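Descriptive structure summary
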Amino acid sequence: MNYFLSILVLCLIHSVVNINCYFITVDPHSEECFFDRAEAGTKLGLMFETVEGGFLDIEVRISGPDQKVIYQGEKESSGKYTFSAYETGVYHYCFSNKMSTLTPKVVMFSMEIGEAPKGTVGAVNEGEAGHTKLEDMIRELSGTLTSIKHEQDYMHVRDRIHRSINESTNSRVVLWSFFEATVLIVMTVGQVYYLKRFFEVKRVV
């Protein structure tokens, strides 16, 4: 029984929630847009992280099938936004780097698309009427497990980015310390040499 449930959960993880994860480069003065089709009532979630470039910020915009702006953010380094499709159609999400003049930005993002609600055209298992309580619980559990796995991947990327920033900052501090020590030694030697020559007694032969 446990084996059967494990297989069922693994299958539902792939079928219930569709998640696509990408890394993109947004050039200066440009905008990259992507789209997904969703049925009305479907839950969608956009998660993004600016990995490289400038001050690690990007402009984000999510719009619906009627071009209505659902969400818009400026100079954001990371974020997670979840919403429900208010009508059936194509939903767009764009990343803009038009504020930057020279620096391209590398962005990691993923769009999570939940299962279409029952009774909606295109919904999964639309014709099947009676789902058992166990199947519904497993379906809900599989969605939760997928979200947790997605969150773990997201936090792993954030940890890697912050570790890279910390290591870079630490290297610069060490190099600056060596530079200051070198300047201090040179100034000390120079002062000793100058004072030694200043107090030298010159004899006239």
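Residues numbered from 1 in each chain as written. Predicted model: local features only at pLDDT ≥ 70, side-chain atom pairs only at ≥ 80, totals over all residues. Heavy atoms only, no water.

Helix and strand counts for the protein come out as 2 helices and 8 strands. Traced from its N-terminal end to its C-terminal end, the protein shows the element sequence α-β-β-β-β-β-β-β-β-α. Relative to its 205 residues, the protein shows a buried fraction of 31%. Across the protein, the fraction of contacts at a sequence separation of at least 24, relative to all contacts at a separation of at least 6, is 77%. Surface accessibility of the protein: about 13,900 Å² in total, with carbon and sulfur atoms responsible for 59%. (Helix = DSSP H or I, 4+ residues; strand = E, 2+ residues; numbered from the N terminus. Buried < 20%, exposed > 50% of the residue type's maximum accessible area, 1.4 Å probe, protein only. Contact = heavy atoms within 4.5 Å. Areas by Shrake-Rupley, 256 points an atom, 1.4 Å probe, with all protein chains shown as cover.)

Another point: the UniProt feature "transmembrane region" (unreviewed entry) in the protein. As annotated in UniProt, the feature "transmembrane region" (unreviewed entry) corresponds to residues 173-195 in the numbering used here. The span residues 173-195 carries 100% helix and 0% strand; its end-to-end C-alpha distance comes to 33 Å. (UniProt positions renumbered as here; feature names shortened; annotations may be inferred.)

If you walk through the whole model with that rule in mind, you get 10 aromatic pairs. Note on Tyr71 and Tyr81: the rings are 4.5 Å apart at their centroids and 20° apart in plane angle, and the pair reads as stacked. Of this pair, Tyr71 sits in strand 5 (residues 69-76) while Tyr81 sits in strand 6 (residues 78-84), placing them 10 residues apart in sequence. Cluster of aromatic residues (ring-pair linked, three or more members): Phe34, Phe48, Tyr93, Phe95 and Phe109. Sitting over the face of the ring of Tyr86, Lys68 holds its NZ or CZ atom 5.5 Å from the ring centroid. (Phe/Tyr/Trp six-rings, centres within 6.5 Å; stacked < 30°, edge-to-face > 60°. Lys NZ or Arg CZ within 6 Å of the ring centre and 35° of its normal.)

This paragraph deals with the sheet that holds strand 4 (residues 58-63). Taking strand neighbours across the sheet as the criterion, the 4 strands line up as 2-7-4-5 in an open arrangement whose pairing is antiparallel. What marks the edges here is a single partner per strand, and that holds for strand 2 (31-38) and strand 5. Strand-to-strand twist across the sheet, computed as the mean angle between neighbouring axes with direction ignored, equals 10°. (Pairing = 2+ DSSP bridges. Axes fitted to C-alpha atoms, helices over the stretch in contact; angles between N-to-C directions.)

The subject of this paragraph is the environment of Ser147. For Ser147, the position within the fold is in helix 2 (residues 133-198). When the C-alpha positions of Ser147 and Glu112 are compared, they lie 8.5 Å apart, and in sequence the two are 35 residues distant.

What follows deals with the nonpolar core. One finds Leu44, Leu46, Phe48, Ile58, Phe95, Val107 and Phe109 to be the most contacted residues of the largest nonpolar core, which totals 18 residues. Contributions of two or more residues to this core are made by strand 1 (18-26), strand 3 (43-52), strand 4, strand 7 (89-96) and strand 8 (105-113). Looking at this core, the element that brings in the most residues is strand 8, giving 4 residues. Excluding anything up to four places from it in sequence, Val107 contacts Tyr22, Phe23, Ile24, Val26, Phe48, Glu49, Thr50, Val51, Ile58 and Phe95. (Core = buried A, V, L, I, M, F, W, Y, C linked by side-chain atoms within 4.5 Å.)

When pLDDT is averaged along the protein, the result is 77; 79% of the residues meet or exceed 70. The low-confidence segment residues 1-18, where pLDDT is below 50, has 26 contacts with residues more than four positions distant or belonging to other chains. The model gives residues 120-124 a pLDDT under 50, and that stretch makes 12 contacts with residues more than four places away or in other chains. (pLDDT = per-residue confidence, 0-100.)

The next subject is the side chain of Thr42. Position of Thr42 among the secondary structure elements: in the loop between strand 2 and strand 3. In this structure the side chain of Thr42 is engaged in a polar contact, spanning 2.9 Å, whose partner is the backbone oxygen of Glu39. (Polar contact = N/O pair within 3.5 Å; in protein donor to acceptor, adjacent residues only side chain to side chain.)

With that settled, the discussion passes to a nonpolar patch on the surface. On the surface, Trp176, Phe179, Val183 and Met187 cluster together to form a nonpolar patch covering roughly 420 Å² of accessible area. For Trp176, the location among the structural elements is in helix 2. The exposed category is assigned to Trp176, whose relative accessible area is 51%. (Patch = residues over 30% accessible without salt bridge, like charges linked within 9 Å, V, L, I, M, F, W, Y side chains within 5 Å. Salt bridge = Lys/Arg side-chain N within 4 Å of Asp/Glu carboxyl O.)

On to the side chain of Ser63, then. Residue placement: Ser63 occurs in strand 4. Residue class for Ser63 comes out buried when judged on its relative accessible area of 6%. With sequence-adjacent residues up to four places away left out, Ser63 is seen in contact with Lys68, Val69, Ile70, Tyr91 and His92.

Let us now look at unusual backbone geometry. Residues other than glycine seldom take positive phi values, yet His29 does so here, at roughly 60°. Topologically, His29 is positioned in the loop between strand 1 and strand 2. Here Lys75, not a glycine, exhibits a phi torsion of approximately 50°, which is positive. Here Lys75 is to be found in strand 5. Residue classification places Lys75 among the exposed positions, given a relative accessible area of 61%.

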